[in-house]
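The residues making up each chain are set out below.
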Amino acid sequence: TAGALGAIGMIAVIVDGSPSWGSDLGGPPALLPGVILLVLTILQIRLTWRRLLAIGGGICVFLVLLGLLDWLRPAESRSHLGRFVQTAIDGGARDIIIRKLEGNITLLFANSLSLLIPVGLVLFAYVLARPTSRAAGSLRRSFGQVPLLRSGLIAVMVMWVIGFALNDSGAAIPAVGATLALPLVIAIALRTLQDEKAAGPASDRASQRLR
């Protein structure tokens, strides 16, 4: 399972960041931590500060190498990654970061409903951090029946937050992601309740036969 997940995740990262395909600057930094986190969870490897620093350093090295490979291509063939490397060499990286931050803030405050995005992220993080809380009541049973559900949602949360921070249209990433994730989570919760109701009468009949 961990090997399959890692392979699929790396393919997604390469496709998203490759100059020939996605040429996305903000995608790989968001995808990689989520994939690595979920793989480590499957392998039951405990996260420590040293491992987190090692993961962060490895991701940075991977992104730098990817950017340098794109930068080595002719200027007219470079994607966002190669152009960013050239801009950083020229001393303009700060302007790009500020422009992305301003674009994200503008998008966030463009609509009053957009302000619900950070509120939703905080509530989502609280439910995942406190699975025994009342707010997580509807998902608590599903967490118990689907062992990787909570870990998978934490990985998705990490990708949303990093994507939210790094992209100039980052405010749209959690909103778009939620349109895909929430129906699936609701379906899992409903399926869990259905399984429990179906198991209830069966267990009652079995106990009566034992009597």
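None of these values were measured; they are calculated from a predicted model. (Residues numbered from 1 in each chain as written. Predicted model: local features only at pLDDT ≥ 70, side-chain atom pairs only at ≥ 80, totals over all residues. Heavy atoms only, no water.)

Student: Report on the overall build of the protein, specifying residues and quantitative values.
Tutor: A tally of regular secondary structure across the protein gives nine helices and zero strands. The order of α-helices and β-strands along the protein, N terminus first, is α-α-α-α-α-α-α-α-α. Taken against the 2.2 N^0.38 rule, which gives 17 Å for 211 residues, the C-alpha radius of gyration of the protein at 21 Å runs more than 25% over that of a compact globule. Along the first, second and third principal axes, the C-alpha atoms of the protein reach 80 × 40 × 30 Å. Accessible area for the protein stands at about 13,300 Å²; split by element, carbon and sulfur atoms hold 68% of it. Side chains of the protein give 19 positive and 11 negative charges; the mean places of these two sets differ by 16 Å. (Helix = DSSP H or I, 4+ residues; strand = E, 2+ residues; numbered from the N terminus. Rg over C-alpha atoms; globule rule 2.2 N^0.38 Å. Areas by Shrake-Rupley, 256 points an atom, 1.4 Å probe, with all protein chains shown as cover. Lys, Arg positive; Asp, Glu negative; His and termini not counted. Charge placed at Lys NZ, Arg CZ, Asp CG, Glu CD.)

Student: Requested: an account of the nonpolar core, with residues and values cited.
Tutor: With 19 residues, the main nonpolar core has Phe124, Leu128, Leu139, Phe143, Leu153 and Trp160 as its most contacted residues. If you list the elements that add at least two residues to this core, you get helix H6 (116-129), helix H7 (137-145), helix H8 (149-166) and helix H9 (172-210). Contacts of Leu128, omitting those with residues within four sequence positions, involve Phe143, Arg150, Leu153, Ile154 and Met157. Counting residues in hydrophobic clusters, the runner-up holds five residues, among them Leu32, Leu40, Ile55 and Ile59. (Core = buried A, V, L, I, M, F, W, Y, C linked by side-chain atoms within 4.5 Å. Buried < 20%, exposed > 50% of the residue type's maximum accessible area, 1.4 Å probe, protein only. Contact = heavy atoms within 4.5 Å.)

Student: Outline the packing of aromatic side chains, listing residues and values.
Tutor: Counted according to the given criterion, the structure contains one aromatic pair. Between Phe124 and Trp160, the aromatic rings sit 5.7 Å apart at their centres with planes inclined by 40°, giving tilted as the arrangement. With a gap of 36 residues between them, Phe124 in helix H6 and Trp160 in helix H8 connect regions that are remote in the sequence. (Phe/Tyr/Trp six-rings, centres within 6.5 Å; stacked < 30°, edge-to-face > 60°.)

Student: Which residues make up the pattern of salt bridges, and what are the values?
Tutor: This structure, assessed with the given rule, holds two salt bridges. For Asp70, the salt bridge identified is with Arg73, shortest N-O distance 3.0 Å. Residue class for Asp70 comes out buried when judged on its relative accessible area of 0%. The class for Arg73 is partly exposed, based on a relative accessible area of 26%. Among the ionic pairs, Asp195 bridges to Arg191, the shortest N-O distance being 3.2 Å. Residue Asp195 and its partner Arg191 are both found in helix H9; the two are separated by four residues, about one turn of the helix. Exposure remark for Asp195: the relative accessible area of 35% places this residue in the partly exposed category. (Salt bridge = Lys/Arg side-chain N within 4 Å of Asp/Glu carboxyl O.)

Student: Give a description of helix H1 (residues 2-17) that names residues and reports values.
Tutor: In this model, H1 (16 residues) spans 22 Å end to end at C-alpha, consistent with the 22 Å of a helix rising 1.5 Å per residue. Taken residue by residue, H1 has Ala2, Gly6, Gly9, Val13, Asp16 and Gly17 as its buried positions. One face of H1 carries all of its buried residues, which in axial projection span an arc of 100°. Every exposed residue of H1 that faces more than 90 degrees away from the buried side is listed here: Gly3, Ile8 and Ile11. Residues of H1 that are buried sit in contact with helix H2 (27-42), helix H3 (49-71) and helix H4 (80-89). (Expected span 1.5 Å × (residues − 1). Arc of directions from axis to C-beta.)

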